[in-house]
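# Chain and residue survey
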Amino acid sequence: MALKLVMEPIFESDFYPSSYAYRPGRRCQDAIAEIHLFTSHSYEWIVETDVEACFDQLPHRLIGDEVRRRIADKRALALIRAFLKAGVMTETGRLERTVTGTPQGGIASPMLANIALSALDRQYRADWREVDRYHAQRKYLHSRGVATHRLVRYADDLVLMVHGTREQAAEALERLAGRVEALGLKLKAEKTTITHIDEGFVFLGQRIVRRPKGHKRYVYTFVSREALTSVTRKVKALTGRSTTNMELSELIAALNPILRGWANYFRHAAAKRTLDYLGYYAWWRVGRWLRKKHPRLNWKQIQRRYTSEGTFAEKGLVLFNPGSVSVTRYRYRGARIPNPWTIPPTADPSGLRVLRASRYEQLSIERVQQALA
């Protein structure tokens with residue numbers, strides 16, 4: 001953690017804005033919002049893929065080269081090398097060497113993986129700057145039939161949006177595969193697809209698709225079928241016959257975090273009907289569970305004993321209704337996403353603009369100083 005506190009502020013200033021995983025202040029919704037923005041502006045062909053066994057196959061040479069771009073302290077480099085070469089203790093007590101990859105479960109491992117994959121981000125950032133030198137340049141290139149593309153990366157999941165034809169999207173995929181192989185990695189063939197936005201694709205549990213509405217077409221984000229099936233299976237497993245020895249309050253305490261977390265994650269999608277359905281499904285499963293738990297009670301007796309204001313409750317715990325979560329649109333933040341080391345400018349009484357850190361930022365700076373000491 002001390003190493004992470006020292007390194008993270010250094011590399012956060014260089015990370016590409018379209019990299020979203022394992023970074024402070026960034027979340028899945030930011031990546032989806034960027035995809036929604038560009039697909040709404042004629043980036044119609046989607047190359048979806050991920051890096052095969054990324055965390056296990058990352059070359060240590062690549063990590064070291066990227067770290068040395070910003071850090072020259074030999075003690076810090078030796079510490080990173082020691083973490084990477086430490087090995088893994090198996091269940092049998094045997095120590096296995098780690099020739100490649102970052103330590104699974106290590107605090108600094110996601111940051112080291114982001115540092116290594118930033119080499120890929122840097123190439124696509126250079127491509128984007130080449131076609132975005134002035135406001136009308138991309139529009140001119142599009143009129144000449146030249147394709148432009150935009151990369152969004154969430155850890156090892158890659159989405160490349162292409163403004164052009166399917167053939168140009170295939171060329172962009174070949175170029176992406178070549179760049180990934182140059183880093184000592186390769187794309188997972190079974191998860192690599194080229195789709196049109198009208199057909200839709202699934203990314204981070206949400207299905208992104210363009211549909212007509214009136215005389216126009218709009219890009220929507222829906223809950224994927226796999227995500228809904230996953231949460232209903234969890235609810236079904238907790239409300240099966242094998243759990244009828246639990247109290248209702250214990251069951252509600254186990255269900256509520258699942259329902260609340262799932263609803264809050266998908267509340268920025270077009271998911272109102274899905275949330276209502278999940279609330280009904282959970283209520284129906286708990287009702288069946290109570291019937292199995294009390295076979296001698298009829299439904300009216302169960303309602304008098306276990307329901308309050310139309311839902312199930314016991315000992316002050318009330319079954320959470322996902323349909324009560326308001327669905328709101330998530331706005332694209334882009335490069336405006338703050339991090340703990342952003343020092344906002346504030347007005348000075350003398351009329352000068354000065355930089356002052358917030359209390360949270362001061363604590364972060366103090367922790368870094370303690371780690372360095």
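Residues numbered from 1 in each chain as written. Predicted model: local features only at pLDDT ≥ 70, side-chain atom pairs only at ≥ 80, totals over all residues. Heavy atoms only, no water.

## With respect to the nonpolar core
With 40 residues, the main nonpolar core has Met 7, Leu 58, Val 67, Ile 115 and Leu 120 as its most contacted residues. Of all elements in the fold, only helix H1 (2–12), strand E1 (45–50), helix H4 (60–68), helix H5 (74–84), helix H6 (109–131), strand E5 (157–163) and helix H8 (166–182) reach the threshold of two or more residues within this core. Examining the composition of this core, we find that nine residues originate from one element, H6, more than from any other. In terms of nonpolar packing, the next biggest core, distinct from the first, is built from 29 residues, Phe 266, Ala 269, Ile 302 and Tyr 306 among them. (Core = buried A, V, L, I, M, F, W, Y, C linked by side-chain atoms within 4.5 Å. Buried < 20%, exposed > 50% of the residue type's maximum accessible area, 1.4 Å probe, protein only. Helix = DSSP H or I, 4+ residues; strand = E, 2+ residues; numbered from the N terminus.)

## Re the packing of helix H9 (residues 225–238) against helix H10 (residues 248–266)
The description of two packed helices rests on the angle between their axes and on the distance between the axes. For the pair H9 and H10, the least separation of the axes is 10 Å and the interaxial angle reads 170°. Viewed along their axes, H9 and H10 adopt a mutual orientation that is roughly antiparallel. Judged by residue contacts, Ala 227, Leu 228, Val 231, Lys 234, Val 235 and Leu 238 of H9 engage Leu 251, Ala 254, Leu 255, Ile 258, Leu 259, Trp 262 and Phe 266 from H10. Broken down by class, the residue content of the contact of H9 with H10 amounts to twelve nonpolar, no polar and one charged. (Axes fitted to C-alpha atoms, helices over the stretch in contact; angles between N-to-C directions. Parallel < 35°, antiparallel > 145°, perpendicular 65-115°, else oblique. Contact = heavy atoms within 4.5 Å. Nonpolar A, V, L, I, M, F, W, Y, C, P; charged D, E, K, R; others polar.)

## Structural notes on the environment of Thr 328
Locating Thr 328 in the fold gives a position in the loop between strand E12 (317–318) and strand E13 (345–347). Overall, Thr 328 belongs to the partly exposed group, its relative accessible area being 35%. Between the C-alpha atom of Thr 328 and that of Ile 35, which follows or precedes it by 293 residues, the distance is 17 Å.

## Quick word on the pattern of salt bridges
Overall, the coordinates contain 19 salt bridges when judged by the stated rule. With its nearest N and O atoms 2.9 Å apart, the salt bridge here joins Arg 23 to Glu 12. Of this pair, Arg 23 sits in the loop between H1 and helix H2 (28–39) while Glu 12 sits in helix H1, placing them eleven residues apart in sequence. Note that Glu 44 is salt-bridged to Arg 210, the shortest N-O span being 3.2 Å. (Salt bridge = Lys/Arg side-chain N within 4 Å of Asp/Glu carboxyl O.)

## Thoughts on a nonpolar patch on the surface
Where nonpolar side chains cluster on the molecular surface, the patch consists of Tyr 277, Tyr 280 and Trp 284 and spans about 330 Å² of accessible area. When you line up the elements, Tyr 277 lands in helix H11 (residues 272–293). (Patch = residues over 30% accessible without salt bridge, like charges linked within 9 Å, V, L, I, M, F, W, Y side chains within 5 Å. Areas by Shrake-Rupley, 256 points an atom, 1.4 Å probe, with all protein chains shown as cover.)

## Here's the deal with unusual backbone geometry
Residue Leu 204 is not a glycine yet carries a positive backbone phi of 55°. Position of Leu 204 among the secondary structure elements: in the loop between strand E7 (201–203) and strand E8 (206–213). The phi torsion at Glu 309 lies on the positive side, around 55°, for a residue other than glycine. One can find Glu 309 in the loop between strand E10 (307–308) and strand E11 (311–314). Exposure remark for Glu 309: the relative accessible area of 84% places this residue in the exposed category.

## Examining the confidence of the model for the protein
Across the protein, the average pLDDT comes to 88, with 91% of residues at 70 or higher. Under a pLDDT of 50 for its full length, residues 345–361 has, in the predicted model, 24 contacts with residues more than four places off or in other chains. (pLDDT = per-residue confidence, 0-100.)

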